[in-house]
Each structure stands twice: as structure tokens, then as C-alpha cells.
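Structure assessment
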Amino acid sequence: MKIDVSNVTHEEAKKRLEELRKKLRYHSYLYYVLNKPKISDYEYDMMFQELLALERKFPDLVTPDSPSQRVGAEPAKEFKTVYHKIPMLSLGNAFDDDDLRAFDKRVKREAGVEQIEYVTELKMDGLAVSIRYEKGILVQGATRGDGIRGEDVTANVRTIRDIPLKLFGDEIPEVIEVRGEVIMYKKDFEELNKEREAKGEPLFANPRNAAAGSLRQLDPKITAQRKLHMIAYGIGEVVGKEFKKHFEILQFLQKIGFRISPEAAVCPDIEEAIRRCKYYTAHRNEYPFGADGVVIKVNDLELQKKLGATFHEPRWAIAYKFPPEEAETVVRDIIVQVGRTGKLTPVAIFDPVELEGSIVSRATLHNEDQIKRLDIRIGDHVIVRKAGSVIPEVVRVVKEKRTGKEIPFKMPDRCPVCGGPVVRLPGEAATRCINASCPAQVKERIVHFVSREAMDIDSIGEKLINQMVDKGLIKDYADLYYLKKDDLLKLERMGPLLADKIIRNIQNSKNRPLANLIYALGIFQVGKHTAELLAKKYHSLDEIMNASEEELAQIEGIGPITAKSIKDFFSSELNKKVIEKLKEAGVKTEEEVKTENENLPLANEKIVFTGALKSMPRSKAKELVRELGAETPDTVSKKTTLVVVGEDPGSKLEKAQKLGIKTIGEEEFLELLRRYGKWT
Ligand SMILES: [Zn+2]
């Protein structure tokens with residue numbers, strides 16, 4: 001419905017706008033904060049539309065606190081830094097009743113009083129913010145940051161419905177900084193993740209991450225779509241208003257337009273506070289938002305001041321953490337998943353149970369040893385919980401409930417994805433699929449194959465690899481060498497020039513050093529250094545493939561476990577096929593035997609000594625010519641290139657003369673050494 005404001009004068013508009021803003025603020029407070037709307041959504045929307053129409057006609061009448069101004073700011077380039085005049089400290093933790101009683105004892109001792117009154121509030125699992133109001137108008141919103149410096153998220157907090165742009169009521173302080181937690185409701189979190197999943201976007205791990213990610217958006221329009229809430233729990237700087245009790249602050253915050261923790265309560269002593277903690281724990285899943293504990297604060301503000309704070313945390317407050325929630329269920333199956341790096345992970349599938357507000361039906365069992373430790377079998381009753389409130393885990397088996405029909409788990413000896421061999425090396429917890437063409441690992445393996453230290457193929461990034469694999473263009477890294485330009489042109493954002501370049505880069509990589517190729521194959525535990533050792537020793541991939549495990553283990557720098565891993569890799573028929581494909585494509589798998597002496601002046605010389613030298617012992621003479629690249633066999637043969645003759649030569653001289661090999665005396669020998677700086 002269109003609202004006609006064409007006949008409204010400037011004067012009338014001004015008056016009507018004031019009225020509308022007041023009404024809208026009041027009703028949104030009833031709706032968002034108190035949850036007790038007095039008018040229908042339709043009536044509210046009509047008032048809002050009228051407000052927008054009037055503001056469009058008279059832009060000079062738009063005020064920053066108008067309900068229309070929640071979303072309006074342009075995306076920011078980056079967040080400005082905000083310094084908190086009064087630091088936003090974190091809280092110390094308590095995990096059980098004893099911790100709470102110890103806290104109470106400390107407080108009493110330091111305050112010098114017999115009994116302390118506390119306030120308990122639910123501890124929200126969200127992102128702490130500080131909202132500054134001057135003369136009742138929202139002027140700044142900042143994240144907690146490190147407690148001293150936060151980020152300016154003013155434009156974003158303005159989009160949150162239960163943060164008033166203008167404070168309510170008549171007793172508005174000159175300045176007040178309201179502190180609270182920005183949260184996302186569990187159902188909104190689930191919906192958001194569903195939407196993201198549908199769009200192929202990464203999911204948020206939990207409502208807290210979703211709330212933080214949504215608030216810290218450079219574009220406030222995104223924040224506005226995210227259904228965030230804020231629960232106020234205290235104040236920072238305040239000018240023009242005095243409080244005596246913390247609970248009084250909470251009530252005041254509610255009066256001026258904020259939501260506060262539901263069921264916040266005053267407790268006459270710590271025992272009552274402990275009872276409250278038990279109450280909240282029992283009801284933790286009934287709240288629409290995630291709460292991870294209870295905050296217990298000294299109610300008397302004078303006492304708070306007296307107690308003060310350490311560098312990190314106030315001495316007058318503590319956070320009681322909810323114990324992880326546990327549930328019993330029955331394991332129906334243990335399946336095995338294969339990760340991107342080939343690791344096999346057993347996962348327990350059990351009857352769905354609710355844990356900390358969400359339904360879970362599976363938990364990772366990490367590896368074979370963990371299964372043995374737990375002695376978990378299919379059909380077992382087990383106790384599960386959420387570790388760190390996020391990932392479900394199996395805590396223990398309820399062995400009393402065993403019937404004898406439970407089936408022990410055995411790690412498969414074939415990969416459940418590709419059927420290739422799996423290997424668990426001595427000393428390793430993980431069992432791995434070692435098949436280079438395993439579909440579960442293919443993307444990761446190609447990423448590795450093209451990397452700089454490996455085949456160093458430019459212009460092929462992870463995104464392109466994902467596309468090529470998903471479209472079925474390649475099934476393993478050897479397929480790269482068979483890619484055609486037409487294949488590449490089927491991909492998104494691919495033009496003929498780029499396709500040519502990619503093909504060229506792939507073809508140019510065929511002659512990489514052998515060590516790069518060995519490293520690129522992705523043999524578990526074979527890093528670049530090991531690859532270099534192998535290349536240096538064998539000079540050809542075939543030689544390495546034919547080497548025995550014992551032989552490999554004898555290479556200095558390669559241990560028996562790595563040797564086994566190398567042998568396992570090359571023993572796999574599937575891997576042999578991939579290597580065959582590489583060879584057929586023309587990838588170089590051997591290199592010329594290069595000695596390190598190749599460029600030295602006496603390289604290719606084979607020098608034999610006979611008779612004694614006056615200037616040095618024979619061993620020294622040999623050492624010097626070896627340093628110049630020569631070999632120094634002990635006997636004369638057809639391959640000998642030079643014989644150095646000293647005093648009292650033996651039969652070697654005769655043999656040399658017989659074979660027509662050049663001979664020189666000591667003087668000439670020294671001359672030779674001088675030429676190359678080995679003698680002075
Ligand atoms: Zn596999």
C-alpha cells in the first residue's frame with residue numbers, strides 16, 4: 001500500500017515524524033525487548049512506511065536516531081580502532097561448586113565482610129560490544145577487541161533491532177556506555193547455515209562464530225540481514241547518573257530500552273548463587289540462544305570498587321562454566337571416512353541424541369588406537385558429549401549393558417573410497433590410503449603436484465583444480481599432461497589465452513629435476529630432502545622402484561619407516577599405473593649421472609702414482625688431484641690417462657709404457673698442481 005504524503009507541509013511533517021518515531025520506538029521496544037507487542041505487525045509496518053515517505057519528501061528532517069536509519073551507511077574499507085576508556089575485562093572461570101566457594105572466600109577476605117550478595121546472569125555465547133550514548137543518542141558501537149582496543153562497528157550495531165538508536169524514558173544520563181553480548185538465536189543460526197549450504201558457502205561452526213562474523217562485516221547491509229540480538233549486562237563510562245547496585249544497573253538498562261539476561265537474580269549469598277547455577281544448568285537448552293555458563297557478580301558497587309581488578313579480570317566477578325552435557329545412546333555402525341590427505345578416520349554412527357541444544361548422531365573416533373582404548377563395538381551403549389561445546393565425542397562405553405552380541409571393529413585393509421591398499425606405518429597413529437589416484441585425495445594431491453617445490457606448474461590454483469576434478473577432466477595428476485585446450489575451455493572464466501598458457505606450463509614441466517618429480521608423487525614421509533637423496537643415489541625412477549626396502553633404509557638420512565613408506569607406494573599396482581601414464585606423456589623420470597666434479601679441471605682424468613715423491617707423501621698427492629676432479633685408481637689399466645713417476649718406480653711404469661699411457665716426473669707433476677693453485 002502506498003502512503004500519500006503529497007499534501008503534507010514541512011511543518012506538519014516535522015510534528016508527525018516526531019510522533020511516529022516515538023511510537024515506533026515504543027512498539028519496537030515492546031516487540032523486541034519485552035516480547036509483548038501491543039499492535040499488529042501490519043500496524044507497525046504502516047507507521048514505518050509513513051515515516052519513510054515523509055523522510056523521502058523532506059530529507060532535511062531525517063535524524064540519525066530515526067528508526068529508518070538502522071541501515072544506511074556505506075560499506076567501510078576497514079574498521080577504525082576504538083579505545084575503551086574503561087577496559088572491557090574478561091572473567092576468571094569456575095568449573096564447580098568448590099571453585100565458586102573459593103571465589104566467595106577470597107571476596108569476603110579482601111572486602112572484609114561476612115556475607116556477600118551476588119547477582120547471577122546467564123553468560124551468553126556471543127561477541128562483547130560497548131555502545132556509547134551521548135544525550136541519549138547512539139554515537140558509537142565498538143567490539144571488545146583485546147579489551148583495551150576494539151573495532152568501530154557503529155554502522156553495524158545500528159542495524160540490530162534491540163539496540164535502541166535513542167534511549168527511552170526521562171532519566172537519560174549525559175553519557176552512558178552500555179555493554180552487552182551480541183548473539184544469534186539457535187534457530188536463526190541453523191537457517192543461516194542452511195542458506196549458506198545451499199549457496200555453497202562455508203558454514204559457521206556455531207552461533208557465536210555466526211554472530212561475530214555477522215557483526216564484523218564491512219558492509220552493514222549484510223549485518224542487517226543477519227538477525228542479531230544484544231543482551232546488555234553492564235555499563236562502562238557513565239556521566240550524570242549514579243548507581244549503588246549492579247542489579248539496579250540491569251533494571252535501569254531494561255528501562256531505557258535494552259534486553260537483559262532472562263532470569264537475572266539477586267542472591268543473598270554464594271550458596272543461593274550455586275543453586276541458581278544448578279537451575280540454569282538444568283534449563284540451559286530451553287533458551288533460544290546459546291549460553292555457556294553463568295556470570296556471578298558482587299552486587300554492591302562500592303564493594304566492587306574496593307575489590308578492584310587484576311590486570312586481566314575483575315576480582316568481583318567470575319564465570320561459572322556449564323559442564324559438558326552428556327547423553328547415552330547406542331552405536332549402530334562404525335564407518336570409515338577418507339580425508340583429503342588419505343587419512344582413514346573411523347566415525348561412530350549412533351541413535352540421535354540432543355546435546356547442548358543440537359541433535360547429534362555421529363562422533364569421530366580418530367584412529368584405530370582410540371577405538372582400542374575405548375574398546376567400542378557396534379551395538380555398544382556409549383556416553384557421548386560435546387568437546388569444547390562443538391565436536392561430539394564418545395566418552396566411554398557402558399560395558400554393563402553389553403549383551404555379547406556387539407561386533408568389534410576392524411580397520412579395513414582396503415580404502416573404502418578407492419579400494420586401494422591402506423598402510424599404517426610403525427609409530428604412526430593414522431592408517432592411510434596410499435593410492436595416488438584415490439578420489440578422496442585427488443584434489444589435495446594435484447595441489448601438491450603442481451606446487452613450486454614439486455613440478456612447479458604456474459597458473460593452476462586450487463579453484464581450477466577443484467573445477468577440473470569436479471568436471472571429470474582429470475582423475476589424477478598424470479592426467480594433467482593429457483589435457484587439451486578444448487577441455488579447459490569448458491571451465492568457468494577460461495579464455496583461449498589462459499588455456500594456452502596453462503597447457504604450455506604443464507608441458508614445460510616435463511623436464512623438471514628427478515627430485516622434484518619424486519617429491520611431487522606425494523609419497524607419505526618423503527619430503528623434498530628425502531626426494532633429493534633418492535634422486536642423487538639412483539638417478540632414475542625405475543631404479544628407485546626396483547630398490548629393496550633394506551637397500552632404501554641404508555641410504556644415509558632415510559630411516560626404515562620412510563623406506564617402508566616408499567616401498568609401499570611403489571608396490572601399489574594403482575600407483576604403478578599412474579607412473580606409467582606420466583612416462584607415456586613424456587615426463588622425464590631419469591637424469592644423467594652427473595658427478596659433482598664435472599666442472600673441475602682434471603675431471604675425466606684417471607691418474608696413477610708409482611714410486612716415491614720427494615715433495616709429499618703419495619696420499620697427499622692423490623688428495624690434491626682428487627680435489628681437482630681426477631680419479632686415482634691404484635692400478636694401471638687401459639682407462640688410465642696419466643701416470644706420475646717418482647723415485648724407484650714399480651711395475652706400473654712398465655705397464656704404462658706398454659699401453660702407451662702418458663707419464664710425467666715429479667717436477668712436471670708439481671707444475672700441473674701449480675697451474676691450478678694447488679702448489680706454490
Ligand atoms: Zn583411497
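Scroll up a little and you will see the structure.
These lines cover the structure that appears in this document, whether it is placed above or below. From a predicted model like this one, the values you see are computed outputs, not experimental measurements.

1. Description of the overall build of the protein
Of regular secondary structure, the protein possesses 24 helices and 24 strands. Here the C-alpha atoms of the protein give a radius of gyration of 38 Å, more than 25% beyond the 26 Å that 2.2 N^0.38 yields for 680 residues. Principal-axis analysis of the C-alpha atoms places the extent of the protein at approximately 125 × 70 × 55 Å. For the protein, the proportion of its 680 residues judged to be buried stands at 47%. When contacts within the protein are restricted to residue pairs at least 6 apart in sequence, long-range pairs at least 24 apart make up 67% of them. With an accessible surface of roughly 35400 Å², the protein has 50% of that area assigned to carbon and sulfur atoms.

2. Quick look at the nonpolar core
A general feature of soluble globular proteins is that nonpolar side chains tend to end up buried together. Formed by 57 residues in total, the largest nonpolar core has its most connected members in F449, I460, M468, L480 and F570. Elements with a contribution of two residues or more to this core: α12 (442–450), α13 (462–470), α15 (496–508), α16 (514–520), α17 (528–538), α18 (541–546), α20 (560–571) and α21 (573–584). Among the elements that line this core, the one with the most residues is α16, at six residues. Once residues lying within four places of it in the same chain are set aside, the contact partners of I460 are V450, I465, M468, L480, I502 and I506. Counting residues in each nonpolar core, the second largest holds 37 residues, with F79, V182, F243 and I260 among its members.

3. Observations concerning empty space enclosed by the protein
Unoccupied space between atoms shows up once a probe the size of one water molecule is rolled over them. This model, assessed by the stated rule, comprises two cavities of 30 Å³ or more. Forming the boundary of the largest cavity are 16 residues, of which R25, S28, R70, R161 and P164 lie nearest the centre. Looking at the lining of the largest cavity element by element, the count peaks at five residues for helix α1 (residues 10–33). Classifying every residue of the lining of the largest cavity gives eight nonpolar, two polar and six charged. Among the domains, domain 1 (10–69) and domain 2 (92–321) are the pair contributing at least three residues each to the lining of the largest cavity. In this structure, the second largest cavity encloses a volume near 60 Å³. Forming the boundary of the second largest cavity are V423, R424, L425, E428, A430, R432, I434, F524, S565, D568 and F569. Sort the elements by how many residues they give to the lining of the second largest cavity and α20 lands first, with three residues. Of the residues in the lining of the second largest cavity, the class split is six nonpolar, one polar and four charged.

4. Observations concerning α21
Between its first and last C-alpha atoms α21 spans 16 Å; for twelve residues at 1.5 Å apiece the expected length is 16 Å, and the two agree. Among the residues of α21, N575, V578, I579 and L582 are the ones counted as buried. Buried residues along α21 cover an arc of 95° about the axis, so they all sit on one side. Those residues of α21 that are exposed and angled more than 90 degrees off the buried face are E573, K577 and E584. Looking at the packing, one finds that the buried side of α21 touches α12, α16, α18 and α20. Between the side-chain oxygen of the N-cap and the backbone nitrogen of L574 there are 3.3 Å, and the N-cap of α21 in question is S572. Downstream of α21 by a residue or two, G586 has a phi angle that is positive, lying close to 95°.

5. Observations regarding the packing of aromatic side chains
A full pass over the atoms with the stated rule returns ten aromatic pairs. Centroid distance F449 to Y481: 6.3 Å. Interplanar angle 80°. Geometry classified as edge-to-face. One end of the pair, F449, is in helix α12; the other, Y481, is in the loop between α13 and α14 (485–489), and 32 residues separate them in sequence. The same class applies to F449 and to Y481, which are both buried.

6. Describing the sheet that holds strand β22 (residues 607–610)
Remark on secondary structure: sheet strands pair via backbone hydrogen bonds, oriented parallel or antiparallel. Strand order in the open sheet made by the three strands is β22-β23-β24, with parallel pairing throughout. Two strands lie at the open edges of the sheet, namely β22 and β24 (663–664), each paired on one side alone. As defined by bridge partners, β22 adjoins strand β23 (residues 642–645) across four bridges and the pair is classed as parallel. Within the sheet, the bridge partner assigned to I607 lies in β23 and is L642. Of the strands in this sheet, β22, β23 and β24 are in contact with helix α23 (residues 651–659), which crosses β22 at around 135°.

7. Remarks on the sheet that holds strand β8 (residues 228–239)
Judged by pairing direction, the sheet is mixed, and its five strands sit side by side in the order β5-β4-β7-β8-β9 without closing on themselves. The sheet terminates laterally at β5 (137–143) and β9 (259–260), the two strands that pair on one side only. When strand β4 (residues 127–134) meets β5, the two strands line up antiparallel, connected through six bridges. Looking at the pairing, V129 lines up with T143 of β5. Docked against the sheet, helix α8 (residues 246–255) engages β7 (175–184), β8 and β9, running at close to 120° with respect to β8.

8. Observations concerning the side chain of Q441
Inspection of the secondary structure puts Q441 in the loop between β21 (431–433) and α12. Residue classification places Q441 among the buried residues on the basis of a relative accessible area of 1%. Dropping the residues within four chain positions of it, Q441 is found in contact with G339, R340, T341, G342, C433 and N435.

9. A look at the packing of α12 against α13
In the contact formed by α12 and α13, the axes pass within 10 Å of each other and the chain directions differ by 135°. By the criterion of interaxial angle, the relationship of α12 to α13 is oblique. Handedness of the crossing formed by α12 with α13: right-handed. For the pair α12 and α13, contact is made by V442, K443, I446, V447 and V450 and by E462, I465, N466, V469 and D470, respectively. In terms of residue class, the contact of α12 with α13 is made up of six nonpolar, one polar and three charged.

10. Things to note about the side chain of H84
Tracing the backbone through its elements, the reader meets H84 in the loop between β1 (81–83) and β2 (92–94). A relative accessible area of 8% places H84 in the buried class. At 3.0 Å, the side chain of H84 and the backbone oxygen of T143 are in polar contact. With residues up to four places along the chain from it excluded, the contact list for H84 reads S130, A142, T143, R144, G147, I148, R149, G150 and R179.

11. With respect to the coordination of the zinc ion
Looking at the zinc ion, one finds its protein donor set to be C415 (SG), C418 (SG), C433 (SG) and C438 (SG), positioned 2.2 to 2.4 Å from the metal centre. Because the angles between the four donor atoms bound to the zinc ion fall within 100 to 121°, the donor set is best described as tetrahedral. Each donor residue of the zinc ion lies on one chain, and together they are spaced C-x2-C-x14-C-x4-C. Here C415, found in the loop between β19 (407–408) and β20 (422–423), pairs with C438, found in the loop between β21 and α12; they are 23 residues apart in sequence, far enough to count as distant. You can call C415 buried: its relative accessible area is 3%. The exposure class of C438 is buried, given its relative accessible area of 0%.

12. Considerations on the pairing of β4
Buried residues dominate β4, accounting for seven of its eight residues. Note that β4 and β7 share eight bridges and pair antiparallel. Along β7, the bridge assignment pairs R132 with E177. Hairpin geometry of β4 and β5 is characterised by an intervening segment of two residues between the two adjacent antiparallel strands and by a positive phi of about 50° at K135.

Thresholds applied
- Residues numbered from 1 in each chain as written.
- Predicted model: local features only at pLDDT ≥ 70, side-chain atom pairs only at ≥ 80, totals over all residues.
- Heavy atoms only, no water.
- Helix = DSSP H or I, 4+ residues; strand = E, 2+ residues; numbered from the N terminus.
- Rg over C-alpha atoms; globule rule 2.2 N^0.38 Å.
- Buried < 20%, exposed > 50% of the residue type's maximum accessible area, 1.4 Å probe, protein only.
- Contact = heavy atoms within 4.5 Å.
- Areas by Shrake-Rupley, 256 points an atom, 1.4 Å probe, with all protein chains shown as cover.
- Core = buried A, V, L, I, M, F, W, Y, C linked by side-chain atoms within 4.5 Å.
- 1 Å grid on protein atoms, 1.4 Å probe; cavity = no way out; pocket = protein on both sides within 12 Å on 5 of 7 lines; lining within 4 Å.
- Points joined across faces, edges and corners; volume = space filled by probe spheres on them.
- Nonpolar A, V, L, I, M, F, W, Y, C, P; charged D, E, K, R; others polar.
- Domains from an automatic or database assignment.
- Expected span 1.5 Å × (residues − 1).
- Arc of directions from axis to C-beta.
- Polar contact = N/O pair within 3.5 Å; in protein donor to acceptor, adjacent residues only side chain to side chain.
- Phe/Tyr/Trp six-rings, centres within 6.5 Å; stacked < 30°, edge-to-face > 60°.
- Pairing = 2+ DSSP bridges.
- Axes fitted to C-alpha atoms, helices over the stretch in contact; angles between N-to-C directions.
- Parallel < 35°, antiparallel > 145°, perpendicular 65-115°, else oblique.
- Left-handed = near helix turned anticlockwise from the far one by under 90°.
- Donors = N, O, S within 2.8 Å, 3.2 Å for Na, K, Ca; no water.
- Tetrahedral: all angles 85-135°; square planar, octahedral: opposite > 155°, others 65-115°.

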